[in-house]
Amino acid sequence: MFSKSSKRPSGASPTVATGAKHTPFSILGSDVRITGNLEASVDLHIDGAIEGDIACAALVQGAESRIAGHVKAKRARIGGLIEGSITAEELVVEATARITGDVSYERITIATGGQIDGRMTHSGQPTELKLIKSDVG
């Protein structure tokens, strides 16, 4: 009835604890605190606290998260506190975001309530301005 046999059902394979090798993103929970630089070739979702520079493909920062350092990402959605500069092609500043540092971007969206205390620099090609006709008046 009970066996000490280590046979697995056919087709079963050993599982990897994290699956990180094939995961397109990494999540750092609210209980995670990192002191040091963080570099990832994948997207990051950060809810914890980082004291150091971050370089990644895309960053999503939770509202309760705190980053003290430079952030460099192709895309960044900031929702928490950043004490440092940000360089991103596409930057979204959520209503809960507080950024103290210089911001360099190609495209930016700032939600009502989002705060940036620093110099903002457009880093992309100059875009053509178009006059939008208004029906008012």
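Each remark here, short or long, concerns the structure printed above.
In what follows, the accompanying structure is described. This structure is a prediction, so every number in the text was calculated from the model and none was measured. (Residues numbered from 1 in each chain as written. Predicted model: local features only at pLDDT ≥ 70, side-chain atom pairs only at ≥ 80, totals over all residues. Heavy atoms only, no water.)

### Section: the side chain of Ser-65
- When you line up the elements, Ser-65 lands in the loop between strand 6 (54-61) and strand 7 (66-68).
- Taking relative accessible area as the criterion, Ser-65 reaches 2% and is therefore assigned buried.
- Other than its neighbours up to four places away in sequence, Ser-65 contacts Ile-46, Asp-47, Gly-48, Gly-80 and Leu-81. (Helix = DSSP H or I, 4+ residues; strand = E, 2+ residues; numbered from the N terminus. Buried < 20%, exposed > 50% of the residue type's maximum accessible area, 1.4 Å probe, protein only. Contact = heavy atoms within 4.5 Å.)

### Notes on the nonpolar core
- Among the nonpolar cores identified, the biggest contains 22 residues, and Ile-46, Ile-54, Leu-59, Ile-67, Ile-78, Ile-86 and Leu-91 are the most heavily contacted of them.
- Within the residue set of this core, elements represented by two or more residues are strand 4 (43-46), strand 6, strand 8 (71-78), strand 10 (86-93) and strand 12 (103-110).
- Leaving out residues up to four positions away in the same chain, Ile-86 has contacts with His-70, Val-71, Ile-78, Leu-91, Ile-99, Asp-102, Val-103 and Ser-104. (Core = buried A, V, L, I, M, F, W, Y, C linked by side-chain atoms within 4.5 Å.)

### Here's the deal with the pairing of strand 6
- Here two bridges tie strand 3 (residues 38-39) to strand 6, and the two strands are oriented parallel to one another. From the neighbouring strand, Glu-39 faces strand 6, where its bridge partner is Ala-55.
- With three bridges joining them, strand 4 and strand 6 adopt parallel strand pairing. Bridge pairing links Leu-44 to Leu-59 in strand 6. (Pairing = 2+ DSSP bridges.)

### Focus on the pattern of salt bridges
- Using the criterion set out here, one finds five salt bridges in the structure.
- Across the salt bridge formed by Arg-66 and Glu-83, the nearest N and O atoms sit 2.9 Å from each other. Separated by 17 residues along the polypeptide, Arg-66 in strand 7 and Glu-83 in strand 9 (residues 81-83) bring together distant segments of the chain.
- Each member of the salt-bridge network shares a partner with another, and the members are Glu-90, Glu-106 and Arg-107. (Salt bridge = Lys/Arg side-chain N within 4 Å of Asp/Glu carboxyl O.)

### Overview of the environment of Val-71
- Mapped onto the secondary structure, Val-71 falls in strand 8.
- With a relative accessible area of 0%, Val-71 lands in the buried category.
- As for Val-71 and Ile-82, which are separated by 11 residues in sequence, their C-alpha atoms are 8.7 Å apart.
- Apart from the residues lying within four places of it in its own chain, the contact partners of Val-71 are Ile-54, Leu-59, Ile-82, Ser-85, Ile-86 and Thr-87.

### Here we look at the side chain of Gln-61
- Looking at where Gln-61 falls in the secondary structure, it is placed in strand 6.
- Only 3.4 Å separates the side chain of Gln-61 from the backbone oxygen of Ser-65, close enough to count as a polar contact.
- Excluding its chain neighbours within four sequence positions, the residues that come into contact with Gln-61 are Ile-46, Arg-66, Ile-67, Arg-77, Ile-78, Gly-79, Gly-80, Leu-81 and Ile-82. (Polar contact = N/O pair within 3.5 Å; in protein donor to acceptor, adjacent residues only side chain to side chain.)

### Looking at the sheet that holds strand 9
- Within the open sheet, the six strands sit side by side as 2-5-7-9-11-13. Their pairing is parallel. Each of the sheet's edge strands pairs with one partner strand only, and the pair in question is strand 2 (33-35) and strand 13 (115-117). Along the sheet, successive strands turn relative to each other by an average axial angle of 5°, direction set aside.
- Note that strand 7 and strand 9 share three bridges and pair parallel. Of the residues in strand 9, the one forming a bridge with Ile-67 is Ile-82. (Axes fitted to C-alpha atoms, helices over the stretch in contact; angles between N-to-C directions.)

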